[in-house]
Amino acid sequence: MRGARSAKWVAGAIVVAMAATACGGDSGDDKKSASGKPEGYVSIEVGEPQNAPLPSDTNESNGSYIVKALFTQLLEFDDKGEIVYLNAESVETEDSKTWTVKLKDGWTFHNGEKVTAQSYVDTWNFAANVKNNQKNSFWFSDIKGYEDVHPEKGDPKAEEMSGLKVVDDLTFTVELSEPVPYFEYKLGYTTWAPLPSVAFDDPKKFGEKPIGNGPYKFEKWNHNKLFQVAKYDKYKGEDSAKNEGIQFKNYSTPEAAYQELLSGNVDMVRQIGAKDLPKYKQDLGDRAIEQPYAAVQSIVPAFYSKPFKDVDPKVLQGLSMAIDRETIAKTVMNGTREAATSFTPPQVQGNQDLDIPSLKFDAKKAKELVEEGGGVPGNKIWIQFNADGGHKEWVTAVCENIRQNTGVECIPDSKPDFQTDLDLRDANKVKGMYRGGWVADYPLNVNFMRELYHSKAEANSGRFNNKEIDALMEKGDHAKTLEESIKLYQEAEQVMAEEMPAFPIFNYKINAGYGEDVENVNVDWHGDLVVSEVTTK
Amino acid sequence: MGRYVVRRLLQSIPVFIGATLLIFLMMYSLPGDPVRALWGEQSVDPAQIAAMKKDLGLDLPLWQQYWNYFIGLFQGDFGTQIASGRPVSEVIGEALPVTIRLALFAFTFTTLAGISLGVLAGLRADRLFDRGMLFFTLLLISVPSFVLGYVAQFVFAFKLDLLTPTVQDSEAFGDLLMPAVVLGSLSLAYVVRLTRTSIVENLRSDYIRTAIAKGLPRRRVIGVHLMRNSLIPVVTFLGTDLGALLGGAVITEGIFNVQGVGNLVYDALFRREGSTVVGIVTLLVIIYLAVSLIVDLLYAVLDPRIRYV
C-alpha cells in the first residue's frame, strides 16, 4: 500500500492545483459583469475586431463599426449617395488633380489636441508608408509621391508624400499623380480619418486605447467580450451621438446573439443566423429590419479556364439567362437577397436601369444562345465557392438552373474555406467560374467596375480583358467632371452587358433586428446600422 | 513511484516535440495564405503583403520558422497573431481560464451524478430504476449536443425563465450551469453505464461474497470493497474525458456564447493562424499527458495489486 498512499497524495495535490488555476483565472479578469450596461447606453452585437481599431488598418465589418464610432473622416454619404461634409468645410478642385481641403474649425481629438491640416497630412503619410503595415495603404495610391513611401519592392525612399502640402492650420492641398474626377468620393471611407500626434509614437499601444476625433470616446476593451465607448460631448459634427454610449458585444454565433436579443440582453443584432431567419419577423414584428444595401453577389467566369477560354459572349449571355434569380432569392435564400438587375446596386450614383436581357430568366432563349455560340468545350462548367460562407444552397440552385435549361453540365465546386478559395483565384487555378462578392467602398458605379473588370485591376481575378471597356473606363478616369465620368462608366456598363465579364446574381440585404428598449434604428447605404442615432426609451 | 513519474515525464518530451512539429507541418501545408486573406475580395497590395510577411517571419523557410517558434516556446513566447498582432499567450490566457472553469464544472457534474446514478442502477439491476436509467442514458447518447443545447435554452431560459440563455459573464457559476450540464451530459451517460456494468459484475465476484460472509456492514462492502474495484474503468474514461473537455467544445461554446478554447481554435484554424493553433494544441498535449499520468497513478490507489516501481 506504500505506493498507493503516495499516489493518493499526488492526486490530492493535483486537484488542489487545478482548483487554484480556476481561481487564479477569476482574479485576472475584469470583475465587472459584462451585462452591466450604464444608463443611456445602447448595445449591439459586434464581434471582436480583427485588429486594433486604427482607421487605416481596418477593412472588416466588426472593426469598421468601432472605427466609425471613434473617428470621423472628412465627409460621408447620405442614402442617395450624395456627399455630406463632416470634418471638412469644403473639398474643391479645378482640374481633378489638385484638391484643396478646408477643415471645420474647433474640432478636437478626445485628448484635447486640435484637429488640424497637419494631423491629416501626418496620418496619411503614416498610413501610406509600407513600413507601418497598414492594410488600407493602397487607398492612398492616387496621391503624388505614393511610390516613394510605398515602393513595390524594398524600403521606402521618403517619409512623406510630395503631393500633400499644409497651407495653413485648417487648409491643405492634395496633389494626385493623375486626375481622378471621383477622388472626393474616395475620401468618404473612414480610412482617411485623422490620428492625433500621440498615435505615431507607438501605434500598437495607441491601438489598445485609441483616441479619435469621432462622436464617441474610448472607454474600455475587454478582448473577445466587450468594446465600450462613451459619448464625446465636445463633438462638433452633424452625426453627433443621440445616446450616452455604445457597448459592442461579441457573441460566438449569430444564433447566440439572437437569443440574447429576445431576452433583452442586447439591443441590436446586425445579422440573423440561418436557424432564425424563417421566424425572426414573427418574433420581432416591426422591430425586424430587412433592407437592401450597396453590394453585389456575382458568378464570375475565369477567362483563362478550359470552358471559358476564348468563349463566345453569346454562350455567357445564354448561361446567365438560364438562371432564375427571382425564384432563388425568394425560396432558397428566404428573401434575404434581391435579384440583381445590373452590374451596380441601386444605392450608388450612376446605377442605371440597363434592361439587360441576359439578366432576365428565359429558359428557351438561353438554350438557343448557348447553342448559337458554339456551347462550352466539354459541355461542363464548375462554380467555385467557399463552404464557410453560406453559399452552397444558392450556388447549387444556380447550377441546377443551368443544367436543366441549357443542358450544360454544371458542378458546384466547394472549397473548404475562403482562404483556399482566394488562393485558387489568385493563382489562376479556377476550373470554370467562381463566386464573387463586392461591397461598395464609395457609392459610385465606378467602384463596381473599375476595381473588378479593368484588365489591370487587382481584384479582377477572372482576368477579363476587353480593350473597348478598358478604353471607356480610362476615358472616364480622365473626364473633366464627375458627371461625365459617371456617364462614361455607364457606357462601359452597356458594353459589359454584351460581353458579360460576370453574371450579377443578387444584391445583398441586411437582416437585422432590435429590442424593445431602443428606437430610431436605421440602416445606411452601406448596410450598417447607424448606431449613433439610436435612442433609448 | 518517484522514479516511475520521472520516467513518464521524460517520455513525454519526444511526444511533445513530435506533436508540435506535426501540427506545425499540418498548418503549413494547408492551402490559403493568412496574410493575403486579410484583404479578402478587395484589391490586394502585394508590396504590403510582402512587408507584413517579412515582419512576421513568414517569408523564412519552413525549418527556420519552426526553429524560431520552438526557441520562442522555451522563452515563454508563443508567437504573435497575424491578424490582430496580439501575442498568442495573451489570447490563450483569456480563453483558457474560461474553458477550465467550464470543464471542471462539467467534470464535477459528470463524476458526481454519473457515479451515484450508476451505483444505484447497478445495485438495483434489472429493476424499474435500472430500466429507467437505461432509457435515460440511451436518450442522452443518441441526442446530438446541439439539439440538447437548444432545447435546454428554450425550456429553461424562455419558457421557465430560470436562467439566462447565454453566458454573460464566464465567472458566474449560475451562467455556466446550463452549458456545463449540456456539455457533461453525454459523458454522464457513459459514466452511468460503465459504473453500472462494473458494479453488477463485481457484485457477483468471490471477494464480495467473502466480504459479506465475513459479516462486514453493507455500507463498507459497497463503499470500500465494491466501489474501489468497480471504478477502474470509470476512472480511465473520466481521465480522457477531462482532457477532451479542456480541449474545448466548439458547438456547445457556440450555442451558449462561451468564449473558450474551442471557439478560439476553430477561428484560428479558419484564419490560418498557425501560431495560435500550435500554441493551443501544445497546451492540450501537455494537459493530456498530465491527465493520463494521474489516471495511471490513480489505478494504484484503487487497486492494491497495482504497484509502480
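Numbering of residues starts from 1 in every chain and runs along the sequence as written. In the order they appear in the text, chains get letters beginning with A and ligands get numbers beginning with 1. Local features in this predicted model are restricted to residues whose pLDDT is 70 or higher, and side-chain atom pairs enter the listing and the counts only when it is 80 or higher, whereas totals over whole chains, interfaces and linings include all residues. The basis for the side-chain values is all heavy atoms of the structure; hydrogens and waters are excluded.

Q: Looking at this structure, I do not really get the packing of aromatic side chains. What am I missing?
A: Given two aromatic rings, their pairing is described by the distance between the two centres and the angle made by the two planes. Stacked, tilted and edge-to-face are the three classes applied to pairs of Phe, Tyr and Trp rings, where Trp contributes its six-membered ring and a pair requires centres within 6.5 Å; stacked means planes under 30 degrees apart, edge-to-face means over 60, and tilted covers the rest. Applying the stated criterion across every chain yields a total of 29 aromatic pairs over all chains. A ring pair is formed by F138 of chain A and W139 of chain A, whose centres lie 6.4 Å apart and whose planes are at 35 degrees; its orientation type is tilted. Between the aromatic rings of F343 of chain A and Y453 of chain A, the centroid separation amounts to 6.1 Å while the plane-to-plane angle is 75 degrees, which identifies the pairing as edge-to-face. Linking F343 of chain A in the loop between β13 (337-339) and α11 (363-372) with Y453 of chain A in helix α14 (residues 450-453), this pair joins segments that are 110 residues apart in sequence. The pair F343 of chain A / Y453 of chain A is uniform in exposure class, with both members buried. The criterion for a charge sitting over a ring is simple: Lys NZ or Arg CZ within 6 Å of the ring centre, and within 35 degrees of the ring normal. The ring of Y150 of chain B carries K275 of chain A above its face, with NZ or CZ at 4.2 Å from the centroid. Under the DSSP-based scheme used, a helix requires at least four consecutive residues in state H or I and a strand at least two consecutive residues in state E, with every element numbered from the N terminus. The buried label applies to any residue whose accessible area, calculated with a 1.4 Å probe on protein chains only, is under 20% of its type's maximum; exposed applies above 50%, and partly exposed to all values in between.

Q: Looking at this model, I keep getting lost on the confidence of the model for chain B. Mind explaining?
A: The predicted coordinates ought not to be read in detail in places where the model reports low pLDDT. Residue-level confidence of the predictor is what pLDDT reports, using numbers from 0 through 100. On average, chain B scores 87 in pLDDT, and the residues at 70 or more come to 100%. For this predicted complex, the interface confidence reaches an ipTM of 0.80, while the overall pTM sits at 0.84.

Q: Is there a simple way to explain the sheet that holds strand β4 (residues 88-93) of chain A in this structure?
A: Picture the strands of a sheet paired through backbone hydrogen bonds; they go either parallel or antiparallel. Residue and element names in this part refer to chain A. Paired strands, as defined in this entry, are two strands with at least two bridges between them according to DSSP. Spatial strand order, β4-β5-β7-β6: four strands in an open sheet with antiparallel pairing. The open sheet is flanked by β4 and β6 (164-168), the only strands paired with a single partner. Neighbouring strand axes in the sheet, compared pairwise and without regard to direction, differ in orientation by 20 degrees on average. Pairing of strand β5 (residues 98-103) with strand β7 (residues 171-175) involves five bridges; the strand directions are antiparallel. Each residue of the ladder has a partner; that of W99, found in β7, is V174. Under this scheme, a helix contributes an axis fitted over its contacting stretch, all axes are lines through C-alpha atoms, and angles between N-to-C directions fall in the 0 to 180 degree range.

Q: Would you mind going over the UniProt feature "domain: ABC transmembrane type-1" (unreviewed entry) in chain B with me for this structure?
A: UniProt positions are given in the numbering used here, feature names are shortened, and annotations may be inferred rather than shown by experiment. Using the residue numbers shown here, the UniProt feature "domain: ABC transmembrane type-1" (unreviewed entry) corresponds to residues 96-299 of chain B. Secondary structure content for residues 96-299 of chain B is 83% helix and 0% strand, and the end C-alpha separation is 28 Å.

Q: Would you take a moment to explain the packing of helix α5 (residues 88-123) of chain B against helix α6 (residues 128-142) of chain B for this structure?
A: Helix-helix packing: each pair is described by the crossing angle between the helix axes and the interaxial distance. All names here are of chain B. α6 packs onto α5 with a crossing angle of 135 degrees between their chain directions and a minimal axis gap of 7 Å. With respect to each other, α5 and α6 are oriented oblique. For the pair α5 and α6, the crossing hand works out as left-handed. Contacts between α5 and α6 involve L117, L120 and A121 on the former and, on the latter, F129, D130 and M133. Residues are grouped as follows: Ala, Val, Leu, Ile, Met, Phe, Trp, Tyr, Cys and Pro are nonpolar; Asp, Glu, Lys and Arg are charged; every other residue, Gly included, is polar. Among the residues making up the contact of α5 with α6, the classes are represented as five nonpolar, no polar and one charged. Note that the term roughly parallel is reserved for angles under 35 degrees, roughly antiparallel for angles over 145, roughly perpendicular for angles of 65 to 115, and oblique for everything else. For any pair of crossing helices, the crossing counts as left-handed if the nearer helix is rotated counterclockwise from the farther one by less than a right angle, and right-handed if it is rotated clockwise. Residues count as neighbours in contact if any of their non-hydrogen atoms are within 4.5 Å of one another.

Q: For this particular structure, what's the right way to read the state of the cysteines?
A: Two cysteines, two sulfur atoms, one covalent bond between them: this is a disulfide. Residues and elements named next belong to chain A. To count as a disulfide, a pair of cysteine sulfur atoms needs to be within 2.5 Å. This structure, assessed with the given rule, holds one disulfide over all chains. The residue that forms a disulfide with C399 is C410, at a sulfur-sulfur distance of 2.0 Å. The S-S bond linking C399 to C410 shows a torsion near -60 degrees; that makes this disulfide left-handed. Note that C399 is positioned in helix α12 (residues 392-406) and C410 in strand β15 (residues 409-415), a separation of 11 residues in sequence. Residues C399 and C410 agree in their burial class; the two are buried.

Q: How should I be thinking about the pairing of strand β12 (residues 288-301) of chain A in this particular structure?
A: Consecutive side chains along a regular strand alternate between the two faces of the sheet. Residue and element names in this part refer to chain A. In terms of residue burial, β12 counts as a mostly covered element, since 10 of its 14 residues are buried. Relative to strand β17 (residues 503-514), β12 runs antiparallel, the two sharing nine bridges. Bridge pairing links P292 to K509 in β17. Relative to strand β16 (residues 433-439), β12 is paired through seven bridges, and the arrangement is antiparallel.

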